[in-house]
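Spelled out, the chains give:
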Amino acid sequence: MAFMQKDILGLRTLNQEDILEILDTAKLMKYILEQNNKKTPHLQGKSIVNLFYENSTRTRLSFELASKYMSASAANLSSTSSSVAKGENLIDTCRTIERMGADVIVIRHPMSGAAHMVARHVKSAVINAGDGMNEHPTQGLLDIFTIRESKSAVQGLKVAIIGDIYHSRVARSNIWGLSKLGAKITIAGPSTLLPPELGKTGVTICGSVEEAIEDADVIIVLRLQKERQQKGLLPSLREYSQIFGLNKERLALAKKDVLIMHPGPINRGIEITSEIADGIHSQIEDQVTNGVAVRMALLYLLTRQRRK
Amino acid sequence: MAFMQKDILGLRTLNQEDILEILDTAKLMKYILEQNNKKTPHLQGKSIVNLFYENSTRTRLSFELASKYMSASAANLSSTSSSVAKGENLIDTCRTIERMGADVIVIRHPMSGAAHMVARHVKSAVINAGDGMNEHPTQGLLDIFTIRESKSAVQGLKVAIIGDIYHSRVARSNIWGLSKLGAKITIAGPSTLLPPELGKTGVTICGSVEEAIEDADVIIVLRLQKERQQKGLLPSLREYSQIFGLNKERLALAKKDVLIMHPGPINRGIEITSEIADGIHSQIEDQVTNGVAVRMALLYLLTRQRRK
Amino acid sequence: MAFMQKDILGLRTLNQEDILEILDTAKLMKYILEQNNKKTPHLQGKSIVNLFYENSTRTRLSFELASKYMSASAANLSSTSSSVAKGENLIDTCRTIERMGADVIVIRHPMSGAAHMVARHVKSAVINAGDGMNEHPTQGLLDIFTIRESKSAVQGLKVAIIGDIYHSRVARSNIWGLSKLGAKITIAGPSTLLPPELGKTGVTICGSVEEAIEDADVIIVLRLQKERQQKGLLPSLREYSQIFGLNKERLALAKKDVLIMHPGPINRGIEITSEIADGIHSQIEDQVTNGVAVRMALLYLLTRQRRK
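Residues numbered from 1 in each chain as written. Chains lettered and ligands numbered in written order. Predicted model: local features only at pLDDT ≥ 70, side-chain atom pairs only at ≥ 80, totals over all residues. Heavy atoms only, no water.

What chain A contains, in helices and strands, is 12 helices and 9 strands. Against the 2.2 N^0.38 benchmark of 19 Å for 308 residues, chain A shows a C-alpha radius of gyration of 19 Å, consistent with a compact globule. Principal-axis analysis of the C-alpha atoms places the extent of chain A at approximately 55 × 45 × 35 Å. Per-residue burial for chain A yields a buried fraction of 62% across its 308 residues. Of the contacts formed within chain A by residues at least 6 apart in sequence, a portion of 74% connects residues at least 24 apart. Computing the positive centroid from 39 side-chain charges and the negative centroid from 32, chain A places the two 6 Å apart. (Helix = DSSP H or I, 4+ residues; strand = E, 2+ residues; numbered from the N terminus. Rg over C-alpha atoms; globule rule 2.2 N^0.38 Å. Buried < 20%, exposed > 50% of the residue type's maximum accessible area, 1.4 Å probe, protein only. Contact = heavy atoms within 4.5 Å. Lys, Arg positive; Asp, Glu negative; His and termini not counted. Charge placed at Lys NZ, Arg CZ, Asp CG, Glu CD.)

This is the structure in structure tokens:
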């Protein structure tokens, strides 16, 4: 069945069929990415605007290059000033971008639900590139793509997610997406940062990192946001590393062919040792390439049949 | 007669024929913009540099997308630092941009006359995207385009411009352009912000908003720059809204088919109520699309026959 | 013999043959630049990322336009924040950019050797756009290109370099490159800013500007970094101008057909008078165009035969 979504707002609201179609399309896009000539005409005549209200290096660049590889007209708008972060102005801004001809608006915003609000008010397709503490669906999709590349299927895999789950939109998108494909998810992290309501989603909340990663097929290590520590939500970086960091000893508890993933950028020696980040289990750099492929797939699917 | 201007610096110095040729060309460009595939080869091999010394979201994005839709090589240079705002360096900067191959330099600068000064020193075409308190000709052109789309002709129309006329380059460009096409212009706003010399241009300075918009065919509401208030030039925002804001009661004084325009971004509830901004008379979002079309037309006309 | 370099890190490590091949290729690129249609398909399907950790207007724009003229997918990443300036993170950042498909990473960084370190860790070609106080090879190449355009050969020419040699990566790249092509180099500047070890490279360190430029075929005037003065390394700007500035009297000591060059932006009236900067000997604006041509040549040579 054809992909009919107008927007990509989160994995919570995407069904299994759509997720699989995105991932299958991304496989073709990855093939293009590996060619000597990466230019394709798929987005010729289409226009993509990246609207970032939070600093971003990799996500913005990934979308920008994905757009350009497919011959789109791509432009960036960045703002970290709080004056533009108000709801009403955001809609006016996005309607303006729509009326300049944007076929897709890619938006990152500190407010949870910002992308959803925008999507209701514009005809352009909207891709959520991270909204507050809610979701980061393209990261979730690229993580699932990476797992599917190495493992025959997601169904039945044990996936451990380690770190500050509470503030992590990456964790939330992975939990929604991986659950839909039948993975068994365990989470571990500082107890102040484990949202208890996650128990209802079928996720197993573990009392220790060791328990979470035992026999795991995949370990997703979250980036530690150092500024959380200053707010008293975390122990010292050293303690964090000792209690929650992924090191050789802990890795030995997982399956022999475990995949290690991280959304980047990594804090070497804090949430993960350099040895593991650069080791044979690490998928961290493949995730980057897969991120471009997944974003190419989304841009293609969202603009393919669009009539203004 | 063919369009022969080297630059677009203001509507004061553009004659009626040139304005009409730009608007007619923009009509074709708008047709392209409405297609499923917006890519055209008109600027293939041409290079556009957007040089912005003031913050801008919509004008810069509008020029950037206009350039890209027409296959130009487009690049942005932004600077709000005052160290680069000096006259002499500005010319050196622009000559550097010229010698990198820029066919068109689009410049916004806080100094009135900056674009004119640059234009005298470079062979590249120069488009004034706003110079201090002087002009913003592409906004004026897109406003006139919008009026012509809805009304059979500009000749004889009553156009009211409401707000801080003194600081508004939008007002100035509209006054020059609309006068040349035969409109009858009325203005109203805080008396400290109504330049008396405008009386000489044939504009009618009104004592109240009500007087200015009575039987108007078009009302152009200017954006209130809130920082003016801190300088003592304005009453409180609440008073401003009560005395000068466009609301339902005032709108009833205008013609039944009045067009409501605003250069954006709007301050909802201050210079205009949301009801009117989103209502049936509002052209505000059409103005945005028309802005891209007008800029495409200018880029095309300025580079069409250019030989280096 | 074919150009086989993976990266362009400095002129110190480039041999004469490679330098000449780059310059010959740049001559073809300059021809393209002078056409009415500047678009070429040479970088179609290739991706260039400009990663700038220091402010730059002209170098970044020059690379960006060079990329776009040749149909590459080009994107910019800028950061002047010190948090991203650490060595380890820089490598991770560049590996991320590599894995997004960048064929060439253009990097400017305040740390000497930054580009070299990156080049060892990525498969992408790396172009050093300035690393600390070390080299700025594309500036050196464009300077040599400019000399070769006017003079039959570099061999045997007397080239004077005037200013703060110690902090100048432009000076260093010129010294390495011009020496390899057989020029005789003299330098002069504040004695605190003349690195004594340069004596070993065959450069003649002069006691006065007059001595350095006597009978010179070329004078390269360096930009005075005004912030050096605050650190006590320089006399007042007025004294600097009197003792080291290039003016009509000093110019008379050089050959009749001397070329005056400057990497820009110039401080008019400090290191060079306006009369000379805008005079018949000045190559300053030609250097800008030649810079685009040289960068086009490098991007072409580095991506021509690249297989991922």
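Additional details are given in the paragraphs that follow.
Between chain A and chain C, the residue contacts involve 21 residues of the former and 24 residues of the latter. A combined buried area of about 2,100 Å² lies between chain A and chain C, and 47% of that area is made up of carbon and sulfur atoms. Remark: the boundary between chain A and chain C carries 5 salt bridges. Here Glu285(A) makes a salt bridge to Arg99(C), at a shortest N to O gap of 3.6 Å. At the junction of chain A with chain C, the criterion picks out 13 residue pairs in polar contact (both at pLDDT 80 or more). Broken down by secondary-structure element, the contributors of at least two residues to the side of chain A that touches chain C are helix 2 (58-69) and helix 12 (284-303) of chain A. Of all the elements, helix 2 of chain A adds the most residues to the side of chain A that touches chain C, at 8 residues. (Buried area = accessible area lost by both parts, 1.4 Å probe. Salt bridge = Lys/Arg side-chain N within 4 Å of Asp/Glu carboxyl O. Polar contact = N/O pair within 3.5 Å; in protein donor to acceptor, adjacent residues only side chain to side chain.)

Residues and elements named next belong to chain C. With parallel pairing, 5 strands are arranged side by side in an open sheet as 7-6-5-8-9. The open sheet is flanked by strand 7 (204-205) and strand 9 (259-261), the only strands paired with a single partner. Of the strand pairs in this sheet, strand 5 (residues 158-162) and strand 6 (residues 184-188) are connected by 5 bridges, and their pairing is parallel. By the bridge assignment, Ile161 is partnered in strand 6 with Ile187. (Pairing = 2+ DSSP bridges.)

Take the domain arrangement of chain A next. All names here are of chain A. The domain boundaries assigned to chain A delineate domain 1 (16-136 + 288-303) and domain 2 (137-284). The straight-line distance from the C-alpha centre of domain 1 to that of domain 2 is 25 Å. Here domain 1 meets domain 2 over a buried area of about 2,300 Å², counting both sides, of which 60% is carbon and sulfur. Taken together, the links from domain 1 to domain 2 amount to 3 salt bridges. Our count for the contact surface shared by domain 1 and domain 2 stands at 15 residue pairs in polar contact (both at pLDDT 80 or more). When contributions to the side of domain 1 that touches domain 2 are tallied by element, the ones reaching two or more residues are helix 1 (16-33), helix 2, strand 3 (104-109), strand 4 (125-131) and helix 12. Of the residues forming the side of domain 1 that touches domain 2, the biggest block, 9 residues, is contributed by helix 1. (Domains from an automatic or database assignment.)

Below, the discussion takes up the sheet that holds strand 7 (residues 204-205) of chain A. Residues and elements named next belong to chain A. Read across the sheet, 5 strands follow the order 7-6-5-8-9 without closing on themselves; strand pairing throughout is parallel. Edge positions in the sheet fall to strand 7 and strand 9 (259-261), since each has one partner strand and no second. Pairing analysis gives 4 bridges linking strand 5 (residues 158-162) to strand 8 (residues 218-221), with the strands arranged parallel. Bridge assignment links Ile161 to a residue of strand 8, and that residue is Ile220.

So, on to the packing of aromatic side chains. This model, assessed by the stated rule, comprises 3 aromatic pairs over all chains. Pairing Tyr240(A) with Phe244(A) gives two aromatic rings, centres 5.2 Å apart and planes at 45 degrees, and the pair type is tilted. Residue Tyr240(A) and its partner Phe244(A) are located together in helix 9 (residues 237-244), separated by 4 residues, close to a single helical turn. Residue Phe244(A) is classed as buried on the basis of its relative accessible area, which comes to 13%. The aromatic ring of Trp176(B) is capped on one face by Arg12(B), whose charged end is 6.0 Å from the ring centroid. Cation over ring: Arg295(C) sits above Phe63(C), and NZ or CZ is 5.0 Å from the ring centre. (Phe/Tyr/Trp six-rings, centres within 6.5 Å; stacked < 30°, edge-to-face > 60°. Lys NZ or Arg CZ within 6 Å of the ring centre and 35° of its normal.)

Listed per partner, the contact involves 23 residues of chain B and 21 residues of chain C. Of the roughly 2,100 Å² buried where chain B meets chain C, counting both sides, 47% is carbon and sulfur surface. In this assembly, chain B and chain C are joined by 5 salt bridges. Here Asp286(C) makes a salt bridge to Arg99(B), at a shortest N to O gap of 2.8 Å. Those elements that provide at least two residues to the side of chain B that touches chain C are strand 1 (47-52), strand 2 (73-78) and helix 3 (87-99) of chain B.

All names here are of chain A. The alternating pattern of strand 8 places Val218 and Ile220 and Ile219 and Val221 on opposite faces, both of which are buried. Taken together, the 3 bridges between strand 8 and strand 9 define a ladder with parallel strand orientation. From the neighbouring strand, Ile219 faces strand 9, where its bridge partner is Ile260.

The next point concerns the environment of Lys68(C). The topology assignment puts Lys68(C) in helix 2 (residues 58-69). Distance from Lys68(C) to Ile48(C), taken between C-alpha atoms, is 9.4 Å for residues 20 residues apart in sequence. Among residues more than four places away in sequence, those in contact with Lys68(C) are Ser73(B), Ala74(B), Ala75(B), Lys39(C) and Ala74(C). Among the polar contacts listed, one links the side chain of Lys68(C) to the side chain of Glu64(C), at a separation of 2.8 Å.

All names here are of chain C. Within strand 5, 5 of the 5 residues are buried, leaving the element largely enclosed by the surrounding structure. In strand 5, alternate side chains face the same way, and those of Lys158, Ala160 and Ile162 on one face and Val159 and Ile161 on the other are all buried. As for the winding sense of the linkage, the β-α-β connection from strand 5 through helix 6 (residues 169-180) to strand 6 is right-handed. (Right-handed = clockwise from strand over helix to strand, strands pointing away.)

This next bit is on the relation of the copies chain B and chain C. Its rotation angle being 120 degrees, the transformation that places chain B on chain C also includes 0.0 Å of axial translation and leaves an RMSD of 0.0 Å. Put plainly, the chains are arranged around a three-fold axis. (Least-squares fit on C-alpha atoms with pLDDT ≥ 70 in both.)

This next bit is on the side chain of Thr303(A). Residues and elements named next belong to chain A. Looking at the secondary structure, you find Thr303 in helix 12. For Thr303, a relative accessible area of 2% corresponds to the buried category. Those residues within four positions of Thr303 in sequence are excluded, and the remaining contacts are Leu43, Lys46, Asp103 and Val104.

A few words now on unusual backbone geometry. Residues and elements named next belong to chain A. Backbone torsion omega between Gly264 and Pro265 reads -10 degrees, so that peptide bond is classified as cis. Tracing the backbone shows Pro265 in the loop between strand 9 and helix 11 (274-277). Positive phi values are uncommon outside glycine, yet Asp215 reaches one of about 60 degrees. Following the sequence through the fold, Asp215 ends up in the loop between helix 7 (209-213) and strand 8. Judged by relative accessible area, Asp215 falls into the partly exposed class, the value being 45%.

Turning to the packing of helix 5 (residues 137-150) of chain A against helix 6 (residues 169-180) of chain A, a few remarks are in order. For any two helices packed against each other, one specifies the inter-axial angle together with the distance between the axes. Residues and elements named next belong to chain A. In contact at an axis separation of 8 Å, helix 5 and helix 6 are set at 55 degrees when each is read in the N-to-C sense. For the element pair helix 5 / helix 6, the angle class is oblique. The hand of the helix 5/helix 6 crossing is right-handed. Listed contacts from helix 6 to Pro137, Gln139, Gly140, Asp143, Ile144 and Ile147 of helix 5 are Val170, Ser173, Asn174, Gly177 and Leu178. Broken down by class, the residue content of the contact of helix 5 with helix 6 amounts to 5 nonpolar, 5 polar and 1 charged. (Axes fitted to C-alpha atoms, helices over the stretch in contact; angles between N-to-C directions. Parallel < 35°, antiparallel > 145°, perpendicular 65-115°, else oblique. Left-handed = near helix turned anticlockwise from the far one by under 90°. Nonpolar A, V, L, I, M, F, W, Y, C, P; charged D, E, K, R; others polar.)

Moving on, we get to the side chain of Glu135(B). Residues and elements named next belong to chain B. As for its position among the elements, Glu135 is in the loop between strand 4 (125-131) and helix 5 (137-150). One buried charge, Glu135, has no salt-bridge partner; the nearest side chain with opposite charge is Arg12, at 5.0 Å. A distance of 2.8 Å separates a polar atom in the side chain of Glu135 from the backbone nitrogen of Leu11. A distance of 2.5 Å separates a polar atom in the side chain of Glu135 from a polar atom in the side chain of Ser173. When sequence neighbours within four positions are dropped, the list of residues in contact with Glu135 reads Leu9, Gly10, Leu11, Arg12, Asn128, Gly130, Arg169, Ser173 and Trp176.

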